[in-house]
2 protein chains.
Amino acid sequence: MEVLHGVSNCKSCVYRDLMFGSLTADELILINRNKKEIKFNRGEVISKQNKEIKEFMYLKKGLVKLYRNDVVHRDQIISISIPGDFISLLSIFSNSYYKYSIAAIEESIICAVDIDVFRQVLRNNQAFGMDLLEKMSTIYDDIIDTKFNISRRHLRGRIAYILLYFADHVYKNHQYDLPVSRREIAELIEMTTENVIRTLSEFNKDNIIKIDGKNIKISDPERLKKICQLG
Amino acid sequence: MEVLHGVSNCKSCVYRDLMFGSLTADELILINRNKKEIKFNRGEVISKQNKEIKEFMYLKKGLVKLYRNDVVHRDQIISISIPGDFISLLSIFSNSYYKYSIAAIEESIICAVDIDVFRQVLRNNQAFGMDLLEKMSTIYDDIIDTKFNISRRHLRGRIAYILLYFADHVYKNHQYDLPVSRREIAELIEMTTENVIRTLSEFNKDNIIKIDGKNIKISDPERLKKICQLG
DNA sequence: CGCGGCTTTGATGTTCATCAAGTAAAGTGG
DNA sequence: CCACTTTACTTGATGAACATCAAAGCCGCG
């Protein structure tokens, strides 16, 4: 972890409209003065379950996972966030502590705004609040959707679902380097690491996908989609 | 379904503070003028997935379920709402159509406020917006929590979890009439109807619970809690 | 009264987790 | 930089957990 100094101004940030489009010039200056950019290496924990929330964060670069810690069983991954996502939006209003842990899957850069400043701006800007309601709702809906979609499927269907998820939602490409380990896939779709590997090998043998280490190429998208729907 | 006329004024509603505590007198009058109270019988569908959202609704009396329709497999119950819950809060901001269906489990009375009026009040009252952010966040967090708690458990653990859920969260009593059918329990915790029945019978035989038709009495809460934690 | 939905139990087979054991890859310290 | 340790990946064998199928009793309702 490393705080980046002398970094970009919010005014010219690519994500400005995504998040702070409804702020006045003054509000934006205030946010800019109270934000930090922080770099995390692959594997580093960004925040831990039950820790106090001190910042509103969004992802500028990289890939992070939200997950529930579980000592007895295994961790459960709730969602994968891509650049532009608000990674601390969950539970920021319902709790003063994190309900979930966050860790970097790839080297990532987080933009973190002091939570009190954030709340202050929120109290004074109606449009900003409405924006946030909508965004939060969308994030939550996506999580619920994904979770319910996964839990009703069998193993083959789950793997198909998650492969297509990375292709369509994260990388927008039918070929990509899997950002997560086999174990993390298992934690994401509730199955064992062994069965993740087995199912991937099966798909590989059946020429549905082509595996080369971390690299996945979806050779037969139609069949994969069919398995996703039926499995 | 039956619209109730000449019903109570919002001003003296038991749920006023729960929902509309931050409204001005004028706003409350506006809401009052544009609300309906509607009674639904057991089993009646209150709103259907993909239908346009025209009202903001909360539950005054009874018990309802939120669920995802699924033609191929079975329906999936997302949550059970008790009086005071905002049953259409989900997706009201992220979508203009319902993402989930809603149906009455018991005879229920819904209070429905015209969605445009609701949004209008929301735009003009900052405190109301903040309230809503917090409430919505809590509802979503609960759903995610429940869902993840269930999906990591085995059948016995799931049944134990749901029995305790009804006891602690819905009825606040160790004895209660199960409001849902065995099949609905199955849809709620992702298992088959047969296995719900089998597991309940097992618990009955082991003197952990006492079943009499729909009536459940938790005779050995400690053991049930242990099963819930370990299963 | 009979039809359909809910409930219950048993038998059977499938799906999946667990255990074991080995290889490959990636950190780690001397 | 190389030996060493740990972590990730892979495959197979086994048994447990669970779904499916079948059949029958029960209850409410038109």
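Preceding this paragraph is the structure being described.
Model, not experiment: these values are computed from the prediction.

Undergrad: Which residues make up the nonpolar core, and what are the values?
TA: Judged by nonpolar contacts, the single largest core of 117 residues is most densely connected at I162 and L163 of chain A together with I162 and L163 of chain B. Once you skip the residues sitting within four places of it in the chain, L163 of chain B turns out to touch I209, I216, I218 and L224 of chain B.

Undergrad: Tell me about the interface of chain A and chain B, and please be specific about residues and values.
TA: Across the contact, 27 residues belong to chain A and 27 residues belong to chain B. Put simply, the parts of the chain that give the side of chain A that touches chain B at least two residues each are β6 (76-81) and α4 (126-151) of chain A. Here the element with the most residues in the side of chain A that touches chain B is α4 of chain A; it accounts for 16 residues.

Undergrad: Give me the protein's contact with DNA strand D: which residues, what numbers.
TA: Taken together, 14 residues lie near DNA strand D, and S181, R182 and S201 of chain A together with H154 and L155 of chain B sit nearest. When contributions to the surface near DNA strand D are tallied by element, the ones reaching two or more residues are α6 (182-189) and α7 (193-205) of chain A together with α7 (193-205) of chain B. No other element matches the 5 residues that α7 of chain A contributes to the surface near DNA strand D. Of the residues that constitute the surface near DNA strand D, the class distribution is 3 nonpolar, 6 polar and 5 charged.

Undergrad: Summarise the sheet that holds strand β4 (residues 55-61) of chain A; cite the residues concerned and give the values.
TA: Residue and element names in this part refer to chain A. If you walk across this open sheet you meet the 4 strands as β1-β2-β8-β4, and the pairing is antiparallel. In this open sheet, the two strands that pair with only one neighbour each are β1 (2-4) and β4. The sheet shows a mean angle of 35 degrees between the axes of neighbouring strands, direction not considered. In the sheet, β4 pairs with strand β8 (residues 108-114) via 6 bridges, with the strands oriented antiparallel. Bridging across to β8, M57 finds its partner in A112. Most of the contacts of helix α3 (residues 115-124) go to β8, to which it runs at about 65 degrees, and overall it touches β4 and β8.

Reading guide: rules and limits
- Residues numbered from 1 in each chain as written.
- Chains lettered and ligands numbered in written order.
- Predicted model: local features only at pLDDT ≥ 70, side-chain atom pairs only at ≥ 80, totals over all residues.
- Core = buried A, V, L, I, M, F, W, Y, C linked by C-beta atoms within 7 Å.
- Buried ≥ 20, exposed ≤ 12 C-beta atoms within 10 Å, placed from the backbone.
- Contact = placed C-beta atoms within 7 Å.
- Helix = DSSP H or I, 4+ residues; strand = E, 2+ residues; numbered from the N terminus.
- Near = placed C-beta within 6 Å.
- Nonpolar A, V, L, I, M, F, W, Y, C, P; charged D, E, K, R; others polar.
- Pairing = 2+ DSSP bridges.
- Axes fitted to C-alpha atoms, helices over the stretch in contact; angles between N-to-C directions.

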